[in-house]
Amino acid sequence: MSKSKKIARISVPQILSRKGGEKIVCLTAYTTPIAELLDLHCDLLLVGDSVGMVLHGLSSPIGVSLEMMILHAQAVMRGSDHALVVVDLPFSTYERGADQAFRSASKVLRKTGCQAVKVEAAEGVAESVAFLVSRGIPVMGHIGLRPQSLNVDGGFKAKGRTDDERERVLKEARAMDDAGAFAIVVEGVAPDLAAEITSIVKAPTIGIGASNVCDGQILVTDDLLGMFEWTPKFVRRYADIRGLIREAVTRYSQDVRSGSFPGDGETYRDLTKANSFLVRQ
Ligand code: KIV
């Protein structure tokens, strides 16, 4: 065994024990460098299927495959050693039943080393969650606005506008909780509904567009960094990374065109002094 001192990752029981206590800090991550930057600040990193829209130019999560999730999850695991890493099971990889869910979830855990998977609530999914949990696979549930159901719902719409819809969301919350989900993402619901859900379930609730009454919060990292022109109302932008990139690339293109880049300091004139080209200095 290696003698190097390793930081232990946050565990599923530790997240569970935070119900009603210190708020749980969660963000999405899809790559190694971003995972490295977020890891120590977060309790939980989610490799979300939002990766399809954020990094791959898809218009919804429907086109995301299990293989894409595995590749991004491997990258996030390489860049983190503190936060609990949860990976989304993408559309059509778990809804058929417990067998299919177990095959997909176990593949993700084995190939990436992540600690848990996330699934969206739908008819019959709670039974699969119970099956996975009883076989040693921790599951986070996702209720309310469910991005993978956008074609049935007619788009990304907040949930709980009617009594029926409210009842459906509460039913999803109870079903996920009874099935043994260790945390439940609550997306796009009004504060009173988020408060009711948080009070009736044993699992910590993780809000996104669901007010500050939840036990924790999650955002898509690229939204909070200001990577997109438009962000939903519930996002607070902490940076203008899009503006910074635009400015940096404008200056680079001007410098290349004017011939001022590369300058003397960026040129290998004496190769006896230069270290390997392949190693960053
Ligand atoms: O896919 C995702 O990133 C998510 C979070 C926004 C909760 O499901």
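Note: the structure precedes this text.
Below is a short write-up of the structure. As the structure is a prediction and not an experimental result, all values here were calculated from the model.

**Quick word on the site of the ligand**
Here is step 1: Taken together, Thr28, Leu46, Gly48, Asp49, Ser50, Asp88, Lys118, His142, Val185, Ile208, Ile218 and Val220 form the complete shell of residues around the ligand.
Here is step 2: Measuring from an oxygen atom of the ligand, one finds a side-chain N or O atom of Lys118 at 2.9 Å.
Here is step 3: Considered on its own, the ligand offers 260 Å² of accessible surface; in the complex 96% of this is hidden by protein.
Here is step 4: The pocket occupied by the ligand, as judged from atoms lying within 2 Å of grid points, is the largest pocket.

**Focus on helix α5 (residues 98-112)**
Here is step 1: Taking 1.5 Å of rise per residue, the 15 residues of α5 would be expected to cover 21 Å, and the 21 Å separating its terminal C-alpha atoms lies within 8% of that figure.
Here is step 2: Those residues of α5 lying buried are Gln100, Ala101, Ser104, Ala105, Ser106, Val108 and Thr112.
Here is step 3: Considering only its buried residues, α5 is in contact with α4 (66-78), β3 (84-88), β4 (116-120) and α6 (125-134).
Here is step 4: Immediately beyond the C-terminal end of α5, within one or two residues, lies Gly113, with a positive phi of roughly 80°.

**Some words on the layout of surface pockets**
Here is step 1: Its boundaries defined by the atoms lining it, the largest pocket holds a volume of some 1,300 Å³.
Here is step 2: Lining the largest pocket are 45 residues, and of these Ile208, Leu219, Asp223, Pro232 and Phe234 sit closest to its centre.
Here is step 3: Counting residues per element, the ones that place at least two in the lining of the largest pocket are β1 (24-28), α3 (51-54), β4, β6 (183-187), β7 (205-208), β8 (216-219) and α10 (221-224).
Here is step 4: A class-by-class count of the residues in the lining of the largest pocket yields 24 nonpolar, eleven polar and ten charged.

**Overview of the sheet that holds strand β5 (residues 139-144)**
Here is step 1: The strand order around the closed barrel built from eight strands is β1-β2-β3-β4-β5-β6-β7-β8, with neighbouring strands paired in parallel fashion. Put simply, the sheet's adjacent strands are angled 25° from each other on average, direction ignored.
Here is step 2: Sheet topology places strand β2 (residues 44-47) next to β3; four bridges connect them, and they run parallel. Within β3, the position partnered with Leu45 by the bridge is Val85.

**Points about a nonpolar patch on the surface**
Here is step 1: Among the surface-exposed residues, Met53, Leu58 and Phe156 lie close enough to one another that they form a single nonpolar patch of about 230 Å² accessible area.
Here is step 2: Given the relative accessible area of 31%, Leu58 is considered partly exposed.

**Quick look at the pattern of salt bridges**
Here is step 1: Counted under the stated rule, the structure contains 17 salt bridges.
Here is step 2: A salt bridge links Arg269 to Asp264, with the shortest nitrogen-to-oxygen separation between them at 2.7 Å. Just as Arg269 is exposed, Asp264 falls in that class too.
Here is step 3: Each of Arg146, Asp153, Lys159, Arg168 and Glu172 takes part in one network of salt bridges that share partners.

**Focus: helix α11 (residues 241-258)**
Residues three or four positions apart in an α-helix share a direction because the helix packs 3.6 residues into each turn.
Here is step 1: In a regular helix each residue adds 1.5 Å, so 18 residues correspond to 26 Å; α11 covers 26 Å between its end C-alpha atoms and thus fits that length.
Here is step 2: Gly259 sits one or two residues past α11 and shows a positive phi near 85°.

**Considering the nonpolar core**
Here is step 1: In terms of nonpolar packing, the biggest core is built from 57 residues, with Leu45, Ile143, Met176 and Ile197 touching the most fellow members.
Here is step 2: Counting residues per element, this core draws most heavily on α4, at seven residues.
Here is step 3: The contact partners of Met176, leaving out residues within four places of it in the chain, are Val119, Glu120, Ala121, Val125, Val129, Gly141, Ile143, Ala181 and Ile184.

**Structural notes on the packing of aromatic side chains**
Here is step 1: Going through the model one piece at a time under the given rule, you end up with two aromatic pairs.
Here is step 2: For the pair Phe102 and Phe131, a centre-to-centre distance of 6.1 Å together with 90° between the ring planes defines the contact as edge-to-face. With Phe102 in helix α5 and Phe131 in helix α6, this pair connects stretches of sequence that are 29 residues apart.
Here is step 3: Look at Phe102 and you get partly exposed, because its relative accessible area is 30%.

**Details of the side chain of Lys118**
Here is step 1: With respect to the element layout, Lys118 can be found in strand β4.
Here is step 2: You can call Lys118 buried: its relative accessible area is 3%.
Here is step 3: Apart from residues lying up to four places away in sequence, Lys118 is in contact with Leu46, Val86, Val87, Asp88, Leu89, Met140, Gly141, His142 and Val185.

**Comments concerning the state of the cysteines**
Here is step 1: Overall, the coordinates contain zero disulfides when judged by the stated rule.
Here is step 2: You can see Cys42 has no disulfide; the closest cysteine sulfur is in Cys26, sitting 7.4 Å from it.
Here is step 3: You can call Cys42 buried: its relative accessible area is 3%.
Here is step 4: Here Cys114 stays free of any disulfide, with the sulfur of Cys26 as its closest cysteine sulfur at 15 Å.

Parameters at a glance
- Residues numbered from 1 in each chain as written.
- Predicted model: local features only at pLDDT ≥ 70, side-chain atom pairs only at ≥ 80, totals over all residues.
- Heavy atoms only, no water.
- Near = heavy atom within 4 Å.
- Polar contact = N/O pair within 3.5 Å; in protein donor to acceptor, adjacent residues only side chain to side chain.
- Areas by Shrake-Rupley, 256 points an atom, 1.4 Å probe, with all protein chains shown as cover.
- 1 Å grid on protein atoms, 1.4 Å probe; cavity = no way out; pocket = protein on both sides within 12 Å on 5 of 7 lines; lining within 4 Å.
- Sits in = over half its atoms within 2 Å of the grid points.
- Helix = DSSP H or I, 4+ residues; strand = E, 2+ residues; numbered from the N terminus.
- Expected span 1.5 Å × (residues − 1).
- Buried < 20%, exposed > 50% of the residue type's maximum accessible area, 1.4 Å probe, protein only.
- Contact = heavy atoms within 4.5 Å.
- Points joined across faces, edges and corners; volume = space filled by probe spheres on them.
- Nonpolar A, V, L, I, M, F, W, Y, C, P; charged D, E, K, R; others polar.
- Pairing = 2+ DSSP bridges.
- Axes fitted to C-alpha atoms, helices over the stretch in contact; angles between N-to-C directions.
- Patch = residues over 30% accessible without salt bridge, like charges linked within 9 Å, V, L, I, M, F, W, Y side chains within 5 Å.
- Salt bridge = Lys/Arg side-chain N within 4 Å of Asp/Glu carboxyl O.
- Core = buried A, V, L, I, M, F, W, Y, C linked by side-chain atoms within 4.5 Å.
- Phe/Tyr/Trp six-rings, centres within 6.5 Å; stacked < 30°, edge-to-face > 60°.
- Disulfide = S-S within 2.5 Å.

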